[in-house]
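Letter by letter, the chains look like this.
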Amino acid sequence: GIQVEQSPPDLILQEGANSTLRCNFSDSVNNLQWFHQNPWGQLINLFYIPSGTKQNGRLSATTVATERYSLLYISSSQTTDSGVYFCAVADYKLSFGAGTTVTVRA
Amino acid sequence: GAVVSQHPSRVICKSGTSVKIECRSLDFQATTMFWYRQFPKQSLMLMATSNEGSKATYEQGVEKDKFLINHASLTLSTLTVTSAHPEDSSFYICSATGTGVLANYGYTFGSGTRLTVV
């Protein structure tokens, strides 16, 4: 199956800081999504981004499919941004990376 | 659009009993559904893939006789954990996609079921 590597595994930020999360994948994919898992376990779909760049408020994402990586940018971080961020890719079945645990301190 | 509802959100059952978890697509036809399992502080692991009207395809290492998956309609898939034991305690999440959904939303997830076997 497709291997998905996320970095860094943990990230501690001061409120207001910017950050970049990275996702590398081992093969061509038809689908790439970024999720935020909240403390109750629910997966919030942040971006469906198999290629290109998208922005949604303070979050943006870029996927360079030819180089097999994607980046998630968090700007002006807030404490509510804390949680685990997953990158998931698919040719057919969605495979998840190990996640990045983000802690934003006030 | 592309909403998936999963019930129950949490369940506690006695060892040896069976538990059924439902996953419904509310506003689209889910031609394919996926079931994942997540242990604390770990990532999501795919258990099985089911297409409507067909037998589920299980990932390597997943016991098909323990985790029964039924996808009898385009809006409903169920996961039954049979003869549950404490080691089956976990967070189970379903995902669904369908024609027109994947291109616009990707894979959509239910809110998960936390199973505790005592």
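This write-up is about the structure you can find in this document. (Residues numbered from 1 in each chain as written. Chains lettered and ligands numbered in written order. Predicted model: local features only at pLDDT ≥ 70, side-chain atom pairs only at ≥ 80, totals over all residues. Heavy atoms only, no water.)

With that settled, the discussion passes to the interface of chain B and chain A. At the junction of the two partners, chain B supplies 22 residues and chain A supplies 18 residues. Here chain B meets chain A over a buried area of about 1,400 Å², counting both sides, of which 53% is carbon and sulfur. Of all residues in chain B, Ser43(B), Tyr107(B) and Phe109(B) bury the most surface against chain A, accounting for 33% of the area lost on that side. In this structure, the connection of chain B to chain A is made through one salt bridge. A salt bridge links Lys93(A) to Glu59(B); the nearest nitrogen and oxygen atoms lie 2.9 Å apart. Taken together, chain B and chain A are joined by seven residue pairs in polar contact (both at pLDDT 80 or more). (Contact = heavy atoms within 4.5 Å. Buried area = accessible area lost by both parts, 1.4 Å probe. Salt bridge = Lys/Arg side-chain N within 4 Å of Asp/Glu carboxyl O. Polar contact = N/O pair within 3.5 Å; in protein donor to acceptor, adjacent residues only side chain to side chain.)

A few words on the sheet that holds strand S1 (residues 4-7) of chain B. Residue and element names in this part refer to chain B. Read across the sheet, four strands follow the order S1-S3-S8-S7 without closing on themselves; strand pairing throughout is antiparallel. In this open sheet, the two strands that pair with only one neighbour each are S1 and strand S7 (67-73). The mean angle between the axes of side-by-side strands here comes to 15°, regardless of whether they run parallel or antiparallel. Examined bridge by bridge, S7 and strand S8 (residues 76-81) share five bridges and lie antiparallel to one another. Each bridged residue has a counterpart across the sheet, and for Asn 70 the counterpart in S8 is Thr 78. (Pairing = 2+ DSSP bridges. Helix = DSSP H or I, 4+ residues; strand = E, 2+ residues; numbered from the N terminus. Axes fitted to C-alpha atoms, helices over the stretch in contact; angles between N-to-C directions.)

A separate point is the nonpolar core. Counting 26 residues, the largest nonpolar core has Phe28(B), Trp35(B), Phe67(B), Ile69(B), Leu79(B), Tyr92(B) and Leu115(B) as its most contacted members. If sequence neighbours within four positions are ignored, Ile69(B) has contacts with Trp35(B), Ala48(B), Ser50(B), Ala56(B), Tyr58(B), Ser77(B), Thr78(B) and Leu79(B). Formed by 22 residues, the second largest nonpolar core is a distinct cluster that contains Leu11(A), Ile74(A), Cys87(A) and Val104(A). (Core = buried A, V, L, I, M, F, W, Y, C linked by side-chain atoms within 4.5 Å. Buried < 20%, exposed > 50% of the residue type's maximum accessible area, 1.4 Å probe, protein only.)

Residue and element names in this part refer to chain B. A complete count under the given rule lists two disulfides over all chains for this structure. At a sulfur-sulfur separation of 2.0 Å, the disulfide partner of Cys 23 is Cys 94. What sets the handedness of the Cys 23 and Cys 94 disulfide is the S-S torsion sign, and at about 80° it is right-handed. Of the two residues, Cys 23 sits in strand S3 (residues 19-25) while Cys 94 sits in strand S9 (residues 90-97), which places them 71 residues apart along the sequence. (Disulfide = S-S within 2.5 Å.)

This part covers the sheet that holds strand S8 (residues 69-74) of chain A. Residue and element names in this part refer to chain A. Strands sit in the order S1-S3-S8-S7-S6 across an open sheet of five strands; the sheet is antiparallel. The sheet is open, and its two edges are formed by strand S1 (4-7) and strand S6 (52-56), each paired on a single side. Between one strand axis and the next, the sheet turns through 15° on average, direction left out of account. Relative to S8, strand S7 (residues 59-64) runs antiparallel, the two sharing six bridges. If you follow Thr 63 over to S8, its bridge partner there is Ser 70.

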